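Each chain is listed here by its residues.
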2 protein chains.
Amino acid sequence: MVICPMPCHKPKAWGSVCGMIDQDMMAQYAKFAERLADAASVETLKRFRQQADVYNKAGVCFDPVTDADREAEQVQRQLINAAYPDHGIIGEEFGAENEDATYRWVLDPIDGTRAYVCGVASWTTLISLEVDGVPSLGVIDQPFTEERWLAVGGQLTYTARGKRQKVGVSGCTDIAKARLTTTDPRPAAYFSKAEAQAFDDLAAKVQLVRFSLDAYGYALLAIGELDIVMESGLQLHDYAALGPIVEAAGGVITNWRGDPPGAEGRGEILASASEELHEAALANISRSMAV
Amino acid sequence: MVICPMPCHKPKAWGSVCGMIDQDMMAQYAKFAERLADAASVETLKRFRQQADVYNKAGVCFDPVTDADREAEQVQRQLINAAYPDHGIIGEEFGAENEDATYRWVLDPIDGTRAYVCGVASWTTLISLEVDGVPSLGVIDQPFTEERWLAVGGQLTYTARGKRQKVGVSGCTDIAKARLTTTDPRPAAYFSKAEAQAFDDLAAKVQLVRFSLDAYGYALLAIGELDIVMESGLQLHDYAALGPIVEAAGGVITNWRGDPPGAEGRGEILASASEELHEAALANISRSMAV
């Protein structure tokens, strides 16, 4: 059966699949994505809080990677190659294979490796399936707290310790009441100096700010616990899974100009709990960046 | 039976009990402290991630408090008053009663209320028992992840989902390999401008930095997952439970001058995974603050 899964009553920024996609196939892929998450969790959990060796993959700049990252991605690649040999793969640790395929899995075995090596359970495994370059399925998995977010066909499933819960964004529209997060506010980290200033400007207007959450921040936005996530310097494997989840939860996700994430720029992402809040945040950023 | 629980081979900075203390009594108090943690968890867990109302208790400055904070502390106070009517209580939400008592319970029902209202499971319930003004028992409890740290008589018990695990600090001695945390690095938050600069100076020397962990940062240091925690602006209810736990795990905790926390100053706390690392961090802070 081939149907259009989305009502398409308005153009969505990103992550929606408005083309003709086989829904039965997508349901199969969703099950398979859960297998990928389960397989990764075996590798990540057994090494979590074991004071594993941390390798630096970035030379002078510290960019940690662990055996857990590598083993988890290897296991996922083997599963994909066995089940769908014609699909492409883009992984954080081992690059691209069969890049021009219609179906392309985007893998980040441990998003938030810094959290992982500090024993903080805000790291996640990210999985996305792109169809013709559009992220059409997203998984955020946190195996230590046993939480999983799965979005496909505009529907979000959230399970915590095996129990499915009905969730969605907070719907917050007032910037003064918003809870804002970014992973690291310092200019030296992900933000440029101007971007860090734009973040500080927005931070001065919201109710409260939290840091160091990586993709888990978007996951919390999708269950109504945060209202704005503002980041920069993200790569495809960091954000591909986020769009389907944030949008299925009723949120909005774009780059800092209101275009789809990754459309241009240097990986700026803005996610919000409502259209109104998103517009207000975009306007704030635009004013700050224009100075 | 009355014995001195500590070998006292060297002066401990803080949190040790070198006087004559009834160990059987302390064991009873430890069990009672766990009852207090259990009682608080009923109040905190049922409101966690329920998008509860957040009140501002600080006027212009936003300092959130929820019904969970208040209800949890009330329940704990009732238990203490019933079991030990001659004991004192100092609680974050409802102040001091019977302040001059020999035994004084120090309660922070939700440390990290900002994390709590953002759905992040790094908030904790903190309980300490002071004996003649010395924190002699400490509990850090995280009910969502089901983790509990309990220190009494220099012994640390860590349980995760009911399973007791042998833990201790990492023993890291090299500042370049250290994992550093503070709750908020911005001068506008907990640090003064000079303190924020001192933090930035230290952050530039360590391997990696995480934020927004509140007391959970000290808890992770005690299980070897972080190496330095550097904070300021903390009050007695924020830090009383931390000393017994960090020291029982083999770590060091002082103010930024190497004196016991709270000895003077404005609630600066430094905790480290080894004496050597602590000395190096103190020297760094001293240099930065002298500029």
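Each remark here, short or long, concerns the structure printed above.
Residues numbered from 1 in each chain as written. Chains lettered and ligands numbered in written order. Predicted model: local features only at pLDDT ≥ 70, side-chain atom pairs only at ≥ 80, totals over all residues. Heavy atoms only, no water.

Chemist: Account for the overall build of chain A, naming residues and giving values.
Modeler: If you tally the helices and strands in chain A, you get eight helices and 17 strands. Per-residue burial for chain A yields a buried fraction of 58% across its 291 residues. Contacts in chain A between residues at least 24 apart in sequence constitute 60% of all its contacts with a sequence separation of at least 6. Here chain A has roughly 11,300 Å² of accessible surface; of this, 49% comes from carbon and sulfur atoms. (Helix = DSSP H or I, 4+ residues; strand = E, 2+ residues; numbered from the N terminus. Buried < 20%, exposed > 50% of the residue type's maximum accessible area, 1.4 Å probe, protein only. Contact = heavy atoms within 4.5 Å. Areas by Shrake-Rupley, 256 points an atom, 1.4 Å probe, with all protein chains shown as cover.)

Chemist: Please provide a residue-by-residue account of the interface of chain A and chain B, values included.
Modeler: Tallying the contact residues gives 38 residues for chain A and 39 residues for chain B. Between chain A and chain B lies a buried interface of about 3,300 Å² when both sides are counted; carbon and sulfur atoms form 53% of it. Between the two partners, chain A and chain B, sit six salt bridges. A salt bridge links B:Arg49 to A:Glu147; the shortest N-O distance between them is 2.6 Å. (Buried area = accessible area lost by both parts, 1.4 Å probe. Salt bridge = Lys/Arg side-chain N within 4 Å of Asp/Glu carboxyl O.)

Chemist: Describe in detail the relation of the copies chain A and chain B, supporting the description with residues and values.
Modeler: You can overlay chain A on chain B at an RMSD of 0.0 Å; the transform is a turn of 180 degrees with a shift of 0.0 Å along its axis. Both chain copies can therefore be described as sitting about a two-fold axis. When C-alpha positions in chain A are compared against the rotation axis, the closest is assigned to A:Phe211, at 2.9 Å. The residues that chain A uses at the interface reappear at the interface of chain B in 100% of cases, marking a shared surface. (Least-squares fit on C-alpha atoms with pLDDT ≥ 70 in both.)

Chemist: Please give an account of helix H2 (residues 67-83) of chain B that cites residues and values.
Modeler: Residue and element names in this part refer to chain B. Between its first and last C-alpha atoms H2 spans 24 Å; for 17 residues at 1.5 Å apiece the expected length is 24 Å, and the two agree. All of the buried residues in H2 are Ala 68, Asp 69, Ala 72, Glu 73, Gln 76, Arg 77 and Ile 80. Seen from one end, H2 has its buried residues packed into an arc of 160 degrees, which puts them on one side. Opposite the packed face of H2, turned more than 90 degrees from it, sit the exposed residues Gln 78 and Ala 82. Measuring from the backbone nitrogen of Ala 68 back to the side-chain oxygen at the start of H2 gives 3.1 Å, which picks out Thr 66 as the cap. (Expected span 1.5 Å × (residues − 1). Arc of directions from axis to C-beta. Polar contact = N/O pair within 3.5 Å; in protein donor to acceptor, adjacent residues only side chain to side chain.)

Chemist: Break down the pattern of salt bridges for me, citing the residues and quoting the values.
Modeler: All names here are of chain A. In total, this model carries 28 salt bridges over all chains according to the counting rule given. Glu 73 serves as the salt-bridge partner of Arg 77, at 3.0 Å between the closest nitrogen and oxygen. With Arg 77 and Glu 73 both in helix H2 (residues 67-83), this residue pair falls four residues apart, about one helical turn. Considered together, Arg 77 and Glu 73 belong to a single accessibility category, that of buried residues. A cluster of three or more residues bridged by salt bridges with shared partners is formed by Glu 34, Asp 38, Asp 141 and Arg 148.

Chemist: Provide a residue-level description of the side chain of A:Arg148, including the pertinent values.
Modeler: Residue and element names in this part refer to chain A. Looking at the secondary structure, you find Arg 148 in strand S10 (residues 147-152). Among the polar contacts listed, one links the side chain of Arg 148 to the side chain of Asp 141, at a separation of 2.7 Å. The contact partners of Arg 148, leaving out residues within four places of it in the chain, are Glu 34, Ala 37, Asp 38, Val 139, Ile 140, Asp 141, Thr 157, Tyr 158 and Thr 159.

Chemist: Could you give an account of the sheet that holds strand S15 (residues 228-231) of chain A, with specific residues and numbers?
Modeler: All names here are of chain A. One open sheet holds the five strands; their spatial order is S14-S13-S15-S17-S16, and the pairing between them is mixed. Looking at the sheet topology across the chains shown, the edges are occupied by strand S14 (208-211) and strand S16 (252-254). Neighbour-to-neighbour, the strand axes of the sheet open up by a mean angle of 15 degrees, direction not taken into account. In this sheet, strand S17 (residues 269-272) lies alongside S15 in antiparallel orientation, the contact comprising four bridges. Residue pairing in the sheet places Glu 231 in a bridge with Ile 269 of S17. Helix-sheet contacts for helix H8 (residues 275-290) involve S15, S16 and S17, and the interaxial angle to S17 is about 145 degrees. (Pairing = 2+ DSSP bridges. Axes fitted to C-alpha atoms, helices over the stretch in contact; angles between N-to-C directions.)

Chemist: Can you lay out the sheet that holds strand S8 (residues 124-131) of chain B for me, pointing to particular residues and giving the numbers?
Modeler: Residues and elements named next belong to chain B. Read across the open sheet, the eight strands follow the order S6-S5-S7-S8-S9-S10-S11-S12; overall the sheet is mixed. The open sheet has two free edges, formed respectively by strand S6 (95-97) and strand S12 (163-165), since each of these has just one partner strand. On average, adjacent strands in this sheet sit at an angle of 15 degrees to one another, irrespective of strand direction. Where strand S9 (residues 134-142) and strand S10 (residues 147-152) come together, six bridges link them in antiparallel fashion. Bridge pairing in S10 places Leu 137 opposite Val 152. Those strands touched by helix H1 (residues 23-47) are strand S7 (103-111), S8, S9 and S10, and its axis lies near 35 degrees from that of S9. Where H2 meets the sheet, its contacts fall on strand S5 (88-91), S6, S7 and S8, and the angle it forms with S7 comes to roughly 160 degrees.

Chemist: Which residues make up the packing of helix H4 (residues 193-203) of chain A against H8(A), and what are the values?
Modeler: All names here are of chain A. It is the contact of H4 with H8, at a shortest axis distance of 9 Å, that shows an interaxial angle of 135 degrees. Classified by the angle between their axes, H4 and H8 sit oblique to one another. Taken as a pair, H4 and H8 cross one another with a handedness that is right-handed. Of the residues in H8, those in contact with Ala 194, Glu 195, Ala 198, Asp 201 and Leu 202 of H4 are Ala 281, Asn 284, Ser 288 and Met 289. Among the residues making up the contact of H4 with H8, the classes are represented as five nonpolar, two polar and two charged. (Parallel < 35°, antiparallel > 145°, perpendicular 65-115°, else oblique. Left-handed = near helix turned anticlockwise from the far one by under 90°. Nonpolar A, V, L, I, M, F, W, Y, C, P; charged D, E, K, R; others polar.)

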